[in-house]
Protein chains: 2
Amino acid sequence: MIKIAIDTLGSDNGSELIVQGIIDFLKDNKDVSIVAVGKKEELTKLNGICEIVDAPEIVPMEAGPLEVMRMKNSSMYQTVLLAKEGKVDAIVSSGSTGGFLSSSTLLLKTIPGVNRAAFISPFPTKIKGRKVVILDIGASNENSPEELRQFAVMGELYSEHILDVKDPKVYLLSNGTEDKKGSPVGKEAFKLLKDDPHFKGNIEARDALAGFADVVVTDGFTGNVFLKASEGMAKMMSGMIKSAFKKNLWTKLGYLHVRKGMKEMSETMDYKSTGGAMLLGVNGVVVKVHGNADAYSTYCAIRVAKKLVEKDIANKIKEGI
Amino acid sequence: MIKIAIDTLGSDNGSELIVQGIIDFLKDNKDVSIVAVGKKEELTKLNGICEIVDAPEIVPMEAGPLEVMRMKNSSMYQTVLLAKEGKVDAIVSSGSTGGFLSSSTLLLKTIPGVNRAAFISPFPTKIKGRKVVILDIGASNENSPEELRQFAVMGELYSEHILDVKDPKVYLLSNGTEDKKGSPVGKEAFKLLKDDPHFKGNIEARDALAGFADVVVTDGFTGNVFLKASEGMAKMMSGMIKSAFKKNLWTKLGYLHVRKGMKEMSETMDYKSTGGAMLLGVNGVVVKVHGNADAYSTYCAIRVAKKLVEKDIANKIKEGI
């Protein structure tokens, strides 16, 4: 039976919604057992349906690596420790991103041949049902060309095994499509990648979601800007659409007509359903949920963690790299 | 009288639309004279209403600096030369971005105290009528911390003098809002900027269009990714909205109700009306129109060039830097 530990503390919305997500997930998934880590008194609803570990300290949002590693009684440290000791197959947290990243990297260690772990996330594309995975979207501040090459391999393996894409097409995020374009690091990475049969060249940010790329490789700083620029624009436009419909009775009537189409759009754009970002390249399955996690995003994140365990992604990377 | 030279060649859509933009502009602006540079036979409609320079060669899209500088009979080189020789106050082109950038930089030279010129563009924000200027959006592949500091000063001056913002708020594009966040270059730039009274700290890409920042400073590679990620997402969502309205008679009816709101949105998002990107930091006024320029975007670009001349932006930078 797959066993997954959930850090229930540190999310913006408190542990209650995380607990609800766990309850919902367990209802639908009899083949998974959960270990909930957090403040015992906040987890009473889980009594009897899952294992509980009392670890009441909360890792602050901006904790550095040393701070997290010292907070042995924090829910986050204890969650990662369960994975390190082989007691669970996967871990999920919506707490401090930096804290989760550093404790996971330090305790679980990177897979041999992987210099740096990377956050990867599937993005919607213009082509319905088709996702593109982009990595690194923020585990690093800077990366070497060799690290970008490793990201490409991890992305390929993720696309193949988790999204069932045959022969994934891999691109390097750049400021133009020509071979010679790119940041200094990107240009060097291009040279390392050009013999990879999956590698199709440079891609511009405006085409990353067009649907022809399966994997987009970038350094963590640029990837983070890409992620948040896309997010910001999507939110801005959603806001404008909403206010266009809210103006008066007639526009509200208008909304009734296009409700279905708008729902389809928000489903396509729904980052919650993708289950957050996965930390690839460490020995284990690590899923980071967005800080404002609710029951649904927790549910989706556990579902993704389960799939990553079933598909044995860490070992696939170990063999593939 | 303000005199502006327009390179009529090298745009994706041919010179005809550029010519139309010039005609439209001259109709509305009696206080500006235009020099149209290009293939004489394509400019016959302009006979009698503006000066024409016959320079029929087209600089290829991917021309390197050496290539442009050798193409003395190209419309682009001749356009920039007019500025260098002081025969015009501003130049506009929708041809090769790299070619226009390098010929402008090499012929006009950067302003003393400016190491690198930067492309700057106003972006729409969530707050109606408020724009944020972002630079560099692609003149460089990489920048030094000192260059980022200079971009901040140029952005401030642009915001103040061109957009009439009093006391503009300047931010550094980063992967988090805390002071210690950022790429290695960004962190160094932060130190150089922290005593600037306009500087308010780091900003995440998702907040760049939120409306509280007047200037966002970034290296050219990251800025280009930001620009194109925002553009890609905006296009993707517009496409989805359109197809939601196009489904059937009812949804088309729905559109009638929200037409006004949707029009407002596309006006807010309309990059054409911003007049493309301005090259700041060279001795002169240089405006680059998007490659798929039409009459309207040409019109807007000339209008921006005129404003930059009226506000004497190059001298403002010379004094401010």
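You'll find the structure just up there.
Residues numbered from 1 in each chain as written. Chains lettered and ligands numbered in written order. Predicted model: local features only at pLDDT ≥ 70, side-chain atom pairs only at ≥ 80, totals over all residues. Heavy atoms only, no water.

### Re the overall build of chain A
Logical step 1: In terms of helices and strands, chain A carries 10 helices and 11 strands.
Logical step 2: For 321 residues, the compact-globule formula gives about 20 Å, and the C-alpha radius of gyration of chain A, at 20 Å, lands near that figure.
Logical step 3: With respect to the three principal axes, the spread of C-alpha positions in chain A is 60 × 55 × 35 Å.
Logical step 4: Burial status across chain A gives 58% buried among its 321 residues.
Logical step 5: Taking all contacts inside chain A whose residues are at least 6 apart in sequence as the whole, residues at least 24 apart take part in 70%.
Logical step 6: One way to put it: in chain A the 43 positive side-chain charges average out to a point 5 Å from where the 40 negative ones average out. (Helix = DSSP H or I, 4+ residues; strand = E, 2+ residues; numbered from the N terminus. Rg over C-alpha atoms; globule rule 2.2 N^0.38 Å. Buried < 20%, exposed > 50% of the residue type's maximum accessible area, 1.4 Å probe, protein only. Contact = heavy atoms within 4.5 Å. Lys, Arg positive; Asp, Glu negative; His and termini not counted. Charge placed at Lys NZ, Arg CZ, Asp CG, Glu CD.)

### A word on the side chain of A:Ser11
All names here are of chain A.
Logical step 1: Secondary-structure assignment places serine 11 in the loop between β1 (2-7) and α1 (15-28).
Logical step 2: Given the relative accessible area of 10%, serine 11 is considered buried.
Logical step 3: A polar side-chain atom of serine 11 sits 3.1 Å from the main-chain amide nitrogen of asparagine 13.
Logical step 4: Setting aside residues up to four positions removed in sequence, serine 11 forms contacts with Ile18, Ser94, Gly95, Gly291 and Ala293. (Polar contact = N/O pair within 3.5 Å; in protein donor to acceptor, adjacent residues only side chain to side chain.)

### Regarding unusual backbone geometry
Logical step 1: Cis peptide bonds are those with omega within 30 degrees of zero, and the linkage from A:Leu135 to A:Asp136 qualifies with 0°.
Logical step 2: When you line up the elements, A:Asp136 lands in the loop between β6 (131-135) and α5 (145-161).
Logical step 3: With phi around 65°, A:Lys109 is a residue other than glycine that occupies positive phi space.
Logical step 4: Looking at where A:Lys109 falls in the secondary structure, it is placed in the loop between α4 (97-108) and β5 (118-124).
Logical step 5: Phi at B:Asp312 takes a positive value of approximately 55°, unusual for a residue other than glycine.
Logical step 6: Structurally, the position occupied by B:Asp312 is in the loop between α9 (295-310) and α10 (313-320).

### Some thoughts on the sheet that holds strand β9 (residues 215-217) of chain B
Residue and element names in this part refer to chain B.
Logical step 1: Here we have 11 strands laid out as an open sheet, ordered β3-β2-β1-β4-β11-β10-β5-β6-β9-β7-β8, and mixed in their pairing. Each of the sheet's edge strands pairs with one partner strand only, and the pair in question is β3 (51-54) and β8 (199-204). In this sheet, adjacent strand axes meet at a mean angle of 25° when their direction is disregarded.
Logical step 2: When strand β5 (residues 118-124) meets strand β6 (residues 131-135), the two strands line up antiparallel, connected through 5 bridges. Of the residues in β6, the one forming a bridge with proline 122 is valine 133. (Pairing = 2+ DSSP bridges. Axes fitted to C-alpha atoms, helices over the stretch in contact; angles between N-to-C directions.)

### So, the relation of the copies chain A and chain B
Copy one and copy two of the chain differ by a rotation about a common axis and a shift along it.
Logical step 1: When chain A is fitted to chain B, the residual RMSD is 0.1 Å, and the transformation amounts to a turn of 180° plus an axial shift of 0.0 Å. Such a combination of rotation and displacement between the chain copies is what one expects of a two-fold axis. Closest approach to the rotation axis among the C-alpha atoms of chain A is made by A:Gly254, whose C-alpha sits 2.0 Å away.
Logical step 2: Counting the interface residues of chain A, we find that 100% of their copies in chain B are interface residues as well, pointing to one common contact surface. (Least-squares fit on C-alpha atoms with pLDDT ≥ 70 in both.)

### Focus: the packing of α5(A) against helix α10 (residues 313-320) of chain A
Residue and element names in this part refer to chain A.
Logical step 1: The contact between α5 and α10 brings their axes to 10 Å, and the two run at 135°. With respect to their mutual orientation, α5 and α10 come out oblique. In this structure, α5 meets α10 at a crossing whose hand is right-handed. Of the residues in α10, those touching α5 at Val153, Met154, Leu157, Tyr158 and His161 are Ile313, Lys316, Ile317 and Gly320.
Logical step 2: Looking at side-chain class alone, the contact of α5 with α10 contains 6 nonpolar, 2 polar and 1 charged residues. (Parallel < 35°, antiparallel > 145°, perpendicular 65-115°, else oblique. Left-handed = near helix turned anticlockwise from the far one by under 90°. Nonpolar A, V, L, I, M, F, W, Y, C, P; charged D, E, K, R; others polar.)

### Quick word on the interface of chain A and chain B
Logical step 1: Of the residues lining the interface, 54 residues belong to chain A; the matching set on chain B comes to 54 residues.
Logical step 2: Buried area between chain A and chain B, both sides added, is near 4,900 Å², and the carbon and sulfur share of it is 70%.
Logical step 3: Linking chain A to chain B there are 4 salt bridges.
Logical step 4: With a closest N to O distance of 3.0 Å, B:Glu231 and A:Arg206 form a salt bridge.
Logical step 5: Applying the counting rule to chain A against chain B returns 12 residue pairs in polar contact (both at pLDDT 80 or more). (Buried area = accessible area lost by both parts, 1.4 Å probe. Salt bridge = Lys/Arg side-chain N within 4 Å of Asp/Glu carboxyl O.)

### Here's the deal with a nonpolar patch on the surface
Logical step 1: A contiguous nonpolar patch, built from A:Trp250, A:Leu253, A:Tyr255 and A:Leu256 and spanning about 410 Å² of accessible area, is present on the exposed surface.
Logical step 2: Residue position: A:Trp250 is located in helix α8 (residues 249-268). (Patch = residues over 30% accessible without salt bridge, like charges linked within 9 Å, V, L, I, M, F, W, Y side chains within 5 Å. Areas by Shrake-Rupley, 256 points an atom, 1.4 Å probe, with all protein chains shown as cover.)

### Observations regarding the sheet that holds strand β9 (residues 215-217) of chain A
Residue and element names in this part refer to chain A.
Logical step 1: One open sheet accounts for 11 strands, arranged β3-β2-β1-β4-β11-β10-β5-β6-β9-β7-β8; its pairing is mixed. Of all the strands in the sheet, just β3 (51-54) and β8 (199-204) have a single pairing partner and so form its edges. Across the sheet, the mean angle separating the axes of adjacent strands is 25° when strand polarity is ignored.
Logical step 2: Pairing of β1 with strand β4 (residues 90-93) involves 4 bridges; the strand directions are parallel. Among the inter-strand pairings, isoleucine 4 is bridged to a residue of β4, identified as alanine 90.

In short, the description is geometric, and any link to function would need to be established separately.
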